[in-house]
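Observations on the three-dimensional arrangement
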Amino acid sequence: MMKDVIKELKSSVSEREYSEWGISIQKYIEELLHRENIEDIEDILFEHVTFGIIDKNKIYMGLENIMVYNPEKGYWEKAVYILRLILDAFHKEYTERNVTEIANIICGKVNSLRGTINLRKQYSGSRYLLYENGIFDLKEMKLNPIKTIKNPSGIVGIDFGQKFDINGEKLSVPEMFFTSKHMHMRDLMVDSPLPSFPISTANEIWTPHDWLLRTNDGKQEQVTYFLQLLGAMLVPNHFFECFIEINEKDTSDKNVLLSLVKEIYNNDSIKLNYKLSELKRKKPFSGKVDAHTNIIGISEANGAVLSAKETNLISALVNIESMILPGLNPLPLLVIESEGWLKFNDVKNTGSGINRRLQPLDLTESDDKCHFPLSAFKNKEVIDWFNWQALVALHDLTEGNENFIFEIDDIKTLPDFARRWHFTAVNGDDEYMKHFIEYIKPTLHVGYLPIPLMYQLYSGLARLENRDEYIKSPKSFKDVFCTYLDEEYGIENYGGTLRKIEEEELGIDFSELNNMIELSKVINEYRNSIYAKYPIPDWIQIK
């Protein structure tokens with residue numbers, strides 16, 4: 001264990017940049033250098049450093065169970081941070097003896113310190129976002145600078161009077177248990193104005209909003225949806241219960257979107273280019289995931305067909321009960337980018353886990369890349385504007401709900417355009433449903449169709465043709481059938497109210513169909529069936 005600590009100390013030598021609080025602690029230590037006993041640092045630990053215990057029942061586990069609060073940054077650091085700070089102040093090398101000596105002092109003392117905080121679960125809500133210049137309240141749309149105090153020795157301390165409401169409970173910033181992975185390492189510019197730039201190759205002015213419109217089919221409602229999903233990507237360590245699939249023929253605009261996420265977090269270590277096969281090999285996942293955002297990005301080739309195992313993996317990655325990543329909280333957001341919608345060939349899973357969790361994003365081709373270099377999206381004013389617009393859109397979506405999740409069990413919660421994308425993404429190009437509709441097409445006309453009977457026909461044809469693998473659940477069948485039928489004929493009504501459908505009101509000629517396929521008794525004797533006698537909720541009307 002100590003070797004791992006030393007390795008971490010040495011690997012971060014080039015990153016020895018301490019905050020004002022860290023520097024003030026170091027200076028205070030240096031004033032004590034004339035003392036021969038290194039254990040004098042206990043006084044400093046007692047007076048000026050706030051420690052936290054992750055699990056008070058495991059205090060003897062050592063440094064991995066201890067954290068130290070950085071009042072200037074507003075988040076908890078690993079204990080190795082204070083260990084490095086002390087060793088540097090004493091000008092001591094990172095030897096096992098020196099590291100062990102300081103670590104023993106910390107571990108032995110921290111449990112008895114009056115100010116030690118028993119840390120609960122790390123903050124995982126969707127209301128508060130941590131920036132370098134404060135905590136942004138997505139409900140109140142207000143940036144709250146983190147308040148600190150200075151003691152007579154000039155050391156930065158905590159203002160425990162600053163409280164935030166979390167699910168009805170008032171907590172101080174240390175009690176919220178932010179860590180470095182919550183931090184957006186840049187200032188948030190509230191009400192950031194729309195920047196504009198002249199285009200050298202044309203007599204035009206370019207703005208990032210122009211790019212948004214051209215990337216979203218020129219439709220403002222799609223721009224808003226785009227910004228909502230960008231906003232979701234900016235909420236770290238929160239379980240949204242969804243994954244975002246980005247579809248675009250040209251990867252330029254997808255790269256811009258993911259680049260914006262990286263720039264807003266301002267962290268060079270973010271990796272958003274995993275392969276699904278790479279994750280599948282490592283399940284349960286043990287590789288390195290970005291420590292700040294917890295976003296996994298996956299790139300897949302055009303026309304990729306996902307097997308049952310890969311489909312299960314995607315479901316697991318967005319299921320809080322199924323995938324716990326070592327050293328991190330459950331993965332809150334999975335971003336898949338593909339050149340064409342991914343195809344899920346596991347029908348049962350498609351109709352359940354994937355169907356319930358997919359937030360689709362279809363990007364149209366933008367000609368801005370011809371006018372303006374991609375480097376424009378690294379411009380501070382552009383990033384600040386996107387950051388603010390994404391938060392405004394996310395506020396409108398979540399209303400500052402601390403526990404917001406995307407609930408798309410009812411597909412109607414998606415905008416119409418996203419509903420179409422969702423259908424295409426989940427079902428791919430459902431050739432068998434097209435085949436079924438073509439099969440019954442000669443018998444269809446204006447009128448009503450009871451969905452349960454259409455499901456019987458579909459399942460019967462699939463069995464007759466030995467295509468049992470295409471038999472969906474009744475709910476999945478209804479969604480797919482109605483979508484394809486609407487494209488072909490147009491659907492006037494889509495159930496929702498009880499209706500008794502008389503035989504003469506039917507929109508299908510069963511007698512004609514009987515010449516093509518053997519029909520069940522219920523269909524052949526429709527006049528005496530429950531559908532003709534009693535009102536039913538599941539029906540559609542062909543125009």
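Before any of the text, the structure's been laid out above.
Model, not experiment: these values are computed from the prediction. (Residues numbered from 1 in each chain as written. Predicted model: local features only at pLDDT ≥ 70, side-chain atom pairs only at ≥ 80, totals over all residues. Heavy atoms only, no water.)

1. Here we look at empty space enclosed by the protein
Gaps between atoms show up when a probe of the same size as a water molecule is rolled over them. All chains considered together, the criterion is met by 2 cavities of 30 Å³ or more. If you go around the second largest cavity, the residues you meet are Tyr-69, Pro-71, Ile-146, Lys-147, Thr-148, Ile-158, Asp-159, Gln-162, Val-173 and Pro-174. Of the residues assigned to the lining of the second largest cavity, the class counts are 6 nonpolar, 2 polar and 2 charged. (1 Å grid on protein atoms, 1.4 Å probe; cavity = no way out; pocket = protein on both sides within 12 Å on 5 of 7 lines; lining within 4 Å. Points joined across faces, edges and corners; volume = space filled by probe spheres on them. Nonpolar A, V, L, I, M, F, W, Y, C, P; charged D, E, K, R; others polar.)

2. Description of the pairing of strand 20 (residues 358-362)
For strand 20, the tally of buried residues reaches 5 of 5 residues, placing the bulk of the element in the interior. What you see with strand 20 is no split at all: Leu-358, Pro-360 and Asp-362 on one side and Gln-359 and Leu-361 on the other are buried throughout. Summarising the sheet, strand 15 (residues 243-247) and strand 20 pair through 5 bridges and their orientation is parallel. Looking at strand 20, one finds that Ile-244 is bridged to Gln-359. (Buried < 20%, exposed > 50% of the residue type's maximum accessible area, 1.4 Å probe, protein only. Helix = DSSP H or I, 4+ residues; strand = E, 2+ residues; numbered from the N terminus. Pairing = 2+ DSSP bridges.)

3. Here we look at the pattern of salt bridges
Using the criterion set out here, one finds 15 salt bridges in the structure. Here Arg-419 makes a salt bridge to Asp-416, at a shortest N to O gap of 3.3 Å. Pair noted here: Arg-419 and Asp-416 are both in helix 15 (residues 416-427), with a separation of 3 residues, about one helical turn. Arg-419 sits in the partly exposed class, given a relative accessible area of 28%. A salt bridge links Lys-500 to Glu-502, with the nearest nitrogen and oxygen atoms 3.9 Å apart. Judged by its relative accessible area of 37%, Lys-500 is partly exposed. Taken together, the salt bridges that share partners define one network made up of Arg-127, Asp-137 and Asp-165. (Salt bridge = Lys/Arg side-chain N within 4 Å of Asp/Glu carboxyl O.)

4. Quick look at the nonpolar core
Leu-361 and Phe-386 are the most contacted members of the largest nonpolar core, which has 62 residues in total. Here this core gets 9 residues from one element, more than from any other, and that element is helix 14 (residues 380-398). Excluding anything up to four places from it in sequence, Leu-361 contacts Tyr-225, Phe-226, Leu-229, Glu-245, Ile-246, Asn-247, Leu-257, Trp-341 and Trp-421. Ranked by size, the runner-up nonpolar core spans 39 residues in total, among them Tyr-439, Val-480, Leu-485 and Trp-539. (Core = buried A, V, L, I, M, F, W, Y, C linked by side-chain atoms within 4.5 Å. Contact = heavy atoms within 4.5 Å.)

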